[in-house]
Each structure stands twice: as C-alpha cells, then as structure tokens.
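So the chains spell out like this:
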Amino acid sequence: MIHDEEKTREELIKELAELRQQAAEAEISENRQRQTDEALRESEERLRTVLEAVKEGITFSDENGHFEAYNSEMERLTGYSIDEANARSDFTVLLYPDADNREKALKGLNELYAIGMSREVETRIRTKDGKQKYVLVSTTLVPYKGRRMFLSSYHDITERKETEKNLIESEERYRTAIEHSNDGVALVRGDQHIYVNRKFLKIFGYDSAEEVIGKTHSLTVHPDDLEMVIGYNIMRQRGEPVASRYEFKGIRKDRTPIYVEVSSTRTTFMGETVTLAYFRETTKRKLAEEDLRKHKEHLEELVEARTVELKIANERLQQEIDDHSYAEEKIHILNQELKQRIQELKAINEGLEAFGYSLSHDLRTPLVAIGGFSRRLLEKHGYCLDEKGQQYLKIINENSMHMEALISNLLAFFRSGNKTINSSRIKMNSMVREIGNQLKTIYQDRTIQLNIKNLPDGKGDKIMLGQVLTNLMSNAVKYSKPGEIIVIELAGWVEEEENIYYVKDNGIGFPIEHVNRLFETFERLHTRDEIEGTGLGLAIVKRVIQRHGGRVWAESKVGEGATFYFSLPR
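What counts and how
Residues numbered from 1 in each chain as written. Predicted model: local features only at pLDDT ≥ 70, side-chain atom pairs only at ≥ 80, totals over all residues. Heavy atoms only, no water. Helix = DSSP H or I, 4+ residues; strand = E, 2+ residues; numbered from the N terminus. Buried < 20%, exposed > 50% of the residue type's maximum accessible area, 1.4 Å probe, protein only. Contact = heavy atoms within 4.5 Å. Areas by Shrake-Rupley, 256 points an atom, 1.4 Å probe, with all protein chains shown as cover. Expected span 1.5 Å × (residues − 1). Polar contact = N/O pair within 3.5 Å; in protein donor to acceptor, adjacent residues only side chain to side chain. Salt bridge = Lys/Arg side-chain N within 4 Å of Asp/Glu carboxyl O. Pairing = 2+ DSSP bridges. Axes fitted to C-alpha atoms, helices over the stretch in contact; angles between N-to-C directions. Core = buried A, V, L, I, M, F, W, Y, C linked by side-chain atoms within 4.5 Å. Left-handed = near helix turned anticlockwise from the far one by under 90°. Nonpolar A, V, L, I, M, F, W, Y, C, P; charged D, E, K, R; others polar. Phe/Tyr/Trp six-rings, centres within 6.5 Å; stacked < 30°, edge-to-face > 60°. Lys NZ or Arg CZ within 6 Å of the ring centre and 35° of its normal. Patch = residues over 30% accessible without salt bridge, like charges linked within 9 Å, V, L, I, M, F, W, Y side chains within 5 Å. Lys, Arg positive; Asp, Glu negative; His and termini not counted. Charge placed at Lys NZ, Arg CZ, Asp CG, Glu CD.

A. Seen up close, the overall build of the chain. Check the secondary structure of the chain and you find 16 helices and 17 strands. Counting the 570 residues in the chain, one finds 38% classified as buried. Pairs at least 24 residues apart make up 58% of the contacts formed inside the chain by residues separated by at least 6 positions. Of the roughly 33800 Å² that the chain leaves accessible, carbon and sulfur atoms contribute 51%.

So this is what it looks like as structure tokens:
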C-alpha cells in the first residue's frame, strides 16, 4: 500500500545516492582532514538515519557480492544479518534458490556494472526461515570510497504477486479480493481500462464501472499529465525500465482536478500483458502543502515585522548599555581577575601533576629494592629463618607490591583528572571483548563467562573509557564468590540524550546503603586481606565518566551480585 506521508522510493534512493556522493567527496579532501572527518561522520549518521527510515530493504554491495551497508528492513525481509550474509560464500544460492532467478539476477548485475544503467527486476528469494518471497529489486551504480558500488532496494511484492496469481487463476476471485481494497485498483490493456474497483470509481467520482471500462486515460488524467501517464504505461507493458510509483494530476467526472498517487506493475491477465495499478488520492495532502506554503509566507511577514520591533528594542537596549558603561568596566575587570585565577589554578594543577610523577619515581625506587631484596632473601636464605621470620619477609614483599600498585593507581587517578580528552567514536562491543580476553589470560585459575549483549557505540577518549571498563570488569572478578563460575554481563541502550551502559556480576555484592562510599578515594567495604585492591578503581571510574559529562551509579544486594551503571552523552 502507498502511504500519503512517505517519500517515494525513487526520492529516498536518490537521497541515499546523494549522501554517498557527499561522503565520497569528503573522503577525497586531504588538506582539511579535521573538517573532512567531521563531514564524513555527519554524512554516515545521516545515511544511517535515511537507511532506517526507508520502508524497503536497502543494500550497498561490490561486484563480488560483499555488502558494505545493509539496513534493518533488509534484515527483516530476508532474516539474514549483514554479518551472516558476508560470512557465507554461498549466500547468493541461499537467497536465490531457483537457478533461473539466480542466473537472471547475476546476469543483470554484470550488465549493470558494464553499462552503468539502472535496473529494476522482479524475482523470488528464500528467507532464512525457508519462506519464499517475491521482491522488486531496483539497482543502480553509485560511487563509494573511490570505486563503483551497487545501490539496491528490495521492495516486498509478495502480497501483490499473490494477487496477480489469483488474477491468472480466476478473474472472479480477483474481483472479490480487490473490490474491498482501500486503494483504487485498475487493469489497463494498451491505453484502455478493462477493470476498475469501487474505490477507483469513488476516487474519480463515477457511479458505475461501465462509465470507465473501455475508456482511455484521458477520462481520468488531467491534460497536464496525460502524456507522461500514457508514456509510462506503454513502456511498462513493453517491459522497459520505468518508475513503478509516481504522482499525477487527475480529473474527476465533474471535471474537478485532484492529485493521485499510483503504484503499477506489468502482469498477465486472461493471457494478455496488462498494467495492474493501485491508486490513492493525495489531494488533501497537496492542499495541506499549499496551506503550509501560505502559512510559511505569513510567518515570513510576521518575522519581518518582528525584526523591525527587535531593531527598535535593540536600539533602546544599546542606549541602556551606554548608560551603564561603568557596570561594563566592572565586568571586564572581574573577567580579567577570573582569567588570572584560571591561570593560577592551571599552574597549581601542573605542579601537582609534576609532584605526583616525582613522588612516584622517588617512592618506586626504594619499593622495588625492598620487594626485590625481600624476594631474593626469602628464595636463597629463607631456610636460615624460622617460620616467623619467613612470614615477616612475605609480609614485607606483599606490602611493597601493594604500595607499588597504590602509587600506580594514584598516578592513574591524577591523569584521569588532568589528561586531555581525545574524543572519538568507539566500538564498545569490540573494546569489551578485548578486555574480557585479557582478564581470562590474567585469571587462568578461574572460569570467567562473558555475556556481551549489544552495546551502542560510544563517543569519548578510548584509553580513558578502556580504563573504566577494565576497572569495572576487574572488580567483578575480584568480588566474585570463591569456587563459582564468574558471570559478567555487559549491555547498554540508547536514550534521548545519552547512552546507558552496565556491568553486572554474580559476586558477593554489597549493602546498598554504602553505595555512595564506593566511588570515593580510598573507600573500601572489605579489608585488603579479604579482597585485594587500593580503593582507587571506582574513584577513577567516577572521575573519568564525570569528565566526559556522564554519571555513575550502582545497585546491589549482599550475596546476589552487583550492577554498575555509567552514561555517556550522545
């Protein structure tokens, strides 16, 4: 069915091609790389938006059948995701089970690639669940990343093909189904109507089919568009490529002009090639568009009048500003003082960072010596000491290692507050998998089960956000129940102004009344003998997320695991 408020498929395909052209042109520019990257990102975002807005399957593919883009409507139509399609070398065989259809499709693509003309064909496909569907495939060549790609739209015409099959089997059965349609329906042989339904008669203001049957397009098409409609119909019945959906100016029985949207196809009826057309009146939409145009003109007049008023108000305001020049001077002085204060704070921060680096170096040197010598003393001369002496050496070694970890985390905490954020688009699913593999390597004595659901792509500093996820996932391991499989679930969703992510575990949990203490520096709910750590991991998480303009929170019950959430602005 044709919807009044939707764009035509040709307009959407044209817009997709234009967006791809813009992306390709932006990619060529090397002298203005930063602007180009931004343009490409915006173009890709617009492309994704348009792809998902199209109510038809849309794909971008190369001459080898590899898909570069593949919208959700295509996935719904076929049942295959883009990854499944690209992973199967026999995907063409899966999609086109009929050898003749498959050969026809491949031959059409080869011809299209050779001559560069758009093609539109009807064919039959098999979906992932084994069902067969008929689709109208429109394909054209567009430039993409320096080469030519196939831009294809798949319009599900299964329902229409079933109607055509019923027409071939029985004209009476066809009329029974069509007479109750919400759209006007007509069969046209040559330039003459051979069948119209009740809705068609209502659209064009006729009382009976006899008034229309045997008459030409001139009966219902306004002279302004008569040549176009006749030309389209002749080309379609000859099998030549032609738009399947378009709008024309019609005329009712009482000679009142109307606007009609038509979707038509070539079919066979009673052994003859005819045009099957579906009609929907769009006069109300056209009148609404005209009203909108007039309203826009009226608004422009109002804006012009308001502009004059604003100009007068601005002149009065300027006079008031001139009268308060002393206040302006005071504001200027305060701004200068504020700038000076900012510079002072910047210098203090730089000094603190330098002090932190110096302190870490001065502290690490003796710690490394203490740890190293205590280990060597225990390994080579431990037998000379009694059990108590050996225990003392182990405590010295463990505390030196803990102190070194504490220094490293302190430095990470300082960096999280001072480091410049290098923002970029981040594939969160890939980052989580990489961190999970690292954890499995580190904790080889424990069984770690990662349940990674769909995480929306994020925007931020990749290194800093990697530290956030590493800290949260490491905590899930540290606070796990001894002897049990460690289950870590990661997922997220998109809201209006931010993306939400969470890390959930099946560990020991914590009392919810202590949740606010978790994200403060050196705050621990367990002793170091119970759970290893420095008390800075979650403080670093909070500082990094806040610097990105997000927020952090947690939920838990003792013995039932914990869930840590964080958000990132979109």
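B. Highlighting helix 15 (residues 462–478). Here helix 15 contains 17 residues, and its C-alpha end-to-end distance of 24 Å stays within 8% of the 24 Å for a straight helix at 1.5 Å per residue. Across the 17 residues of helix 15, 12 count as buried, placing the element largely inside the fold. The set of residues buried in helix 15 consists of Met464, Leu465, Gly466, Val468, Leu469, Asn471, Leu472, Met473, Ser474, Asn475, Ala476 and Val477. The opening residue of helix 15, the one whose side-chain oxygen lies 3.1 Å from the backbone nitrogen of Ile463, is Asp461.

C. Main features of the pattern of salt bridges. The final tally for this structure, using the stated rule, is 22 salt bridges. For Asp98, the salt bridge identified is with Arg124, shortest N-O distance 3.7 Å. Placement of the pair is Asp98 in the loop between helix 5 (91–95) and helix 6 (99–115) and Arg124 in strand 3 (residues 119–126), with a sequence separation of 26 residues. One salt bridge connects Glu240 with Arg238, and the closest N-O pair in it is separated by 3.8 Å. Arg238 gets classed as exposed once you look at its relative accessible area, which sits at 59%. Residues participating in the shared-partner salt-bridge network are Glu247, Glu261, Arg285, Lys286 and Glu289.

D. Geometry of the sheet that holds strand 14 (residues 486–494). Strand order across the open sheet formed by 5 strands is 12-14-15-17-16, with mixed pairing between neighbours. If you trace the sheet from one side to the other, it starts and ends with strand 12 (448–452) and strand 16 (552–556), each paired once. For this sheet the average axis-to-axis angle between neighbouring strands, irrespective of direction, equals 15°. Summarising the sheet, strand 14 and strand 15 (residues 498–505) pair through 7 bridges and their orientation is antiparallel. The residue of strand 15 that forms the bridge with Leu490 is Val503. Where helix 16 (residues 537–547) meets the sheet, its contacts fall on strand 16 and strand 17 (562–569), and the angle it forms with strand 17 comes to roughly 25°.

E. Broad picture of the nonpolar core. Ranked by internal contacts, the top residues of the largest apolar core, which has 38 residues, are Ile488, Phe564 and Phe566. Elements that contribute at least two residues to this core include exactly helix 14 (428–442), strand 12, helix 15, strand 14, strand 15, helix 16, strand 16 and strand 17. The dominant element in this core, judged by the number of residues it contributes, is helix 15, at 8 residues. Beyond its immediate sequence surroundings of up to four residues, Ile488 is in contact with Ile448, Gln449, Leu450, Asn451, Met473, Ala476, Val477, Val503 and Lys504. Formed by 18 residues, the second largest nonpolar core is a distinct cluster that contains Phe204, Val221, Val229 and Ile258.

F. Just the packing of helix 15 against helix 16, in detail. Contact geometry for helix 15 and helix 16: axes closest at 9 Å, N-to-C directions at 145°. Seen along the crossing, helix 15 lies across helix 16 with a hand that is left-handed. On helix 16, the residues that touch Met464, Leu465, Gln467, Val468, Asn471, Leu472 and Asn475 of helix 15 are Gly537, Leu538, Ile540, Val541, Val544, Ile545 and Arg547. Of the residues that constitute the contact of helix 15 with helix 16, the class distribution is 9 nonpolar, 4 polar and 1 charged.

G. Summary view of the environment of Leu439. For Leu439, the location among the structural elements is in helix 14. Setting aside anything within four residues of it in sequence, one finds Leu439 in contact with Ile448, Met473, Ser474 and Val477.

H. Representation of the side chain of Thr158 within the structure. Turning to its location among the elements, Thr158 is positioned in helix 7 (residues 158–169). Looking at Thr158, the relative accessible area reads 17%, which means it is buried. In this structure Thr158 touches Gln132, Lys133 and Tyr134, once residues within four positions along its chain are discounted.

I. Just the packing of aromatic side chains, in detail. In this structure the tally under the stated criterion is 14 aromatic pairs. Ring geometry for Phe200 and Phe204: centres 4.7 Å apart, planes at 40°, overall tilted. Here Phe200 and its partner Phe204 are both found in helix 9 (residues 198–204), 4 residues apart, which amounts to about one turn of the helix. Of the two residues examined, Phe200 and Phe204, each falls in the buried class. Note on Tyr232 and Tyr246: the rings are 4.7 Å apart at their centroids and 75° apart in plane angle, and the pair reads as edge-to-face. Here Tyr232, found in helix 10 (residues 223–238), pairs with Tyr246, found in strand 8 (residues 245–251); they are 14 residues apart in sequence, far enough to count as distant. Members of the aromatic cluster, joined through ring pairs, are Phe200, Phe204, Tyr232, Tyr246, Phe248 and Phe279. Over the face of the ring belonging to Tyr259 we find Lys286, whose NZ or CZ atom lies 5.3 Å from the ring centre.

J. Quick look at a negative patch on the surface. Residues Glu320, Asp322, Asp323, Glu328 and Glu329 make up a contiguous surface patch of negative charge. Secondary structure elements with two or more residues in the negative patch: helix 11 (283–323) and helix 12 (325–381). Ranked by the residues each element gives to the negative patch, the list is headed by helix 11, at 3 residues. Classification of Asp322 as partly exposed rests on a relative accessible area of 46%.

K. Summary view of the sheet that holds strand 8. Strand order in the open sheet made by the 5 strands is 7-6-10-9-8, with antiparallel pairing throughout. A single partner strand is all that each edge strand has here, and the edge strands are strand 7 (192–196) and strand 8. The average undirected angle you get between the axes of adjacent strands in this sheet is 35°. When strand 6 (residues 184–189) meets strand 7, the two strands line up antiparallel, connected through 4 bridges. Among the inter-strand pairings, Leu187 is bridged to a residue of strand 7, identified as Tyr195. Helix 10 rests against strand 6, strand 8, strand 9 (257–269) and strand 10 (272–281) of the sheet, and its axis sits at about 135° to strand 8. Against the sheet, helix 11 contacts strand 8, strand 9 and strand 10, and its axis sits at roughly 140° relative to strand 9.

The values reported here are purely geometric and, on their own, carry no functional implication.
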